[in-house]
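Inside the fold
Residue strings, one per chain:
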Amino acid sequence: MKRSAKRLLVRACNPLDFAARVINGKKELPPLHLRWDVGPLRTFETAGAEFRVYLKLYANLKPESRVLDIGCGCGQMALQLGDHLDERGSYVGCDINREAIGWCTRAITRKDGRFLFYHMDVRNGIYNPDGAELGTAFEFPTSWGQFDIVLLKSVFTHMLKPEMENYLSQLRNLLGKGGK
């Protein structure tokens, strides 16, 4: 089945998914069609929880950490960090999927101003085919500040080497002293 046909089928299942999320007390999760873009549906929550542990073990995630999540998708990690970060902590998520960023802003930022989301209008054949910028030329805004942790979860698998090199060359400017 072609990817576009699968997308239509998944979107058609959104009302059923919403009902299931309400019944199961999971109303805060993104709609089915946005979770579907992240990976296997059955592992959406567990994969996020697993990466939260990795951030604690390998990146020294603390309640006051400032986290930048490049390629945040529909907020999988933001949902995991909501009860971990305290009033000193913050989270910035950015992604090329405008619809996912819109959902995150409406569902997460409106409830918790420590969580901000930005659309990166970078061209990608699947997620943003009409993007205004090339990945090789995109510059992360310095206005976002510096971070204790920069996470790129399943981002480079969707990029070509020159795009990855551009992103990596900017990480030093995004990380604060001692950042990981």
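In this report, the structure presented in the accompanying data block is examined. Everything quoted here is computed from the prediction, not taken from an experiment.

Focus: the overall build of the chain
Each helix and strand counted, the chain has 7 helices and 4 strands in total. Across the chain, helices and strands are ordered from the amino to the carboxyl terminus as α-α-α-α-β-α-β-α-β-β-α. Expected size for 180 residues packed as a compact globule is a radius of gyration near 16 Å; at 16 Å, the chain falls within 12% of this value. Taken over the C-alpha atoms alone, the chain extends approximately 45 × 35 × 25 Å along its principal axes. Relative to its full complement of 180 residues, the chain shows a buried share of 44%. Long-range contacts, defined here as pairs at least 24 residues apart, represent 64% of the contacts in the chain between residues at least 6 apart. For the chain, the exposed area adds up to about 10,200 Å²; of that, 56% sits on carbon and sulfur atoms. Charge separation in the chain, taken as the distance between the mean sites of 26 positive and 20 negative side-chain charges, equals 3 Å.

Describing the packing of aromatic side chains
By the definition in use, this model includes 9 aromatic pairs. Centroid distance tyrosine 91 to phenylalanine 117: 5.7 Å. Interplanar angle 55°. Geometry classified as tilted. Here tyrosine 91 is found in strand β2 (residues 90-95), whereas its partner phenylalanine 117 is found in strand β3 (residues 115-119), with 26 residues between them in sequence. For the residue pair tyrosine 91 and phenylalanine 117, the accessibility class agrees, reading buried in each case. Connected via pairs of aromatic rings, a cluster forms that spans Tyr118, Phe138, Phe140, Trp144 and Tyr167. The positively charged end of lysine 153 is found above the aromatic ring belonging to phenylalanine 51, 4.8 Å away from the centroid.

What counts, and at which threshold
Each chain has its residues counted from 1, following the order in which its sequence is written. In keeping with the model being predicted, local features are shown solely for residues with a pLDDT of at least 70 and side-chain atom pairs are shown and tallied solely at 80 or more, while totals for entire chains, interfaces and linings include all residues. Side-chain figures throughout are based on the complete set of non-hydrogen atoms in the structure, without hydrogens or water. Helix and strand definitions here come from DSSP, where helices need a minimum of 4 consecutive H or I residues and strands a minimum of 2 consecutive E residues; each element is numbered from the N-terminal end. It is over C-alpha atoms that the radius of gyration is taken, and the globule rule equals 2.2 Å times the number of residues to the power 0.38. The rule is simple: take the accessible area with a 1.4 Å probe, protein chains only, and divide by the maximum for that residue type; under 20% is buried, over 50% is exposed, in between is partly exposed. Note on contacts: a residue pair is in contact if any heavy atoms of the two residues lie within 4.5 Å. All accessible areas in this document rest on Shrake-Rupley with a 1.4 Å probe, and a residue is counted as covered only by the protein chains that are shown. Neither His nor the chain ends contribute to the count of charged residues, in which Lys and Arg are positive and Asp and Glu negative. For the purpose of locating charges, the reference atoms are NZ of Lys, CZ of Arg, CG of Asp and CD of Glu. Here is the rule: rings of Phe, Tyr and Trp (six-membered ring for Trp) pair when centre to centre is within 6.5 Å. Planes less than 30 degrees apart are stacked, more than 60 are edge-to-face, and the remainder are tilted. The criterion is that NZ of a Lys, or CZ of an Arg, lies within 6 Å of the ring centre and within 35 degrees of the ring normal, and then a charge sits over that ring.

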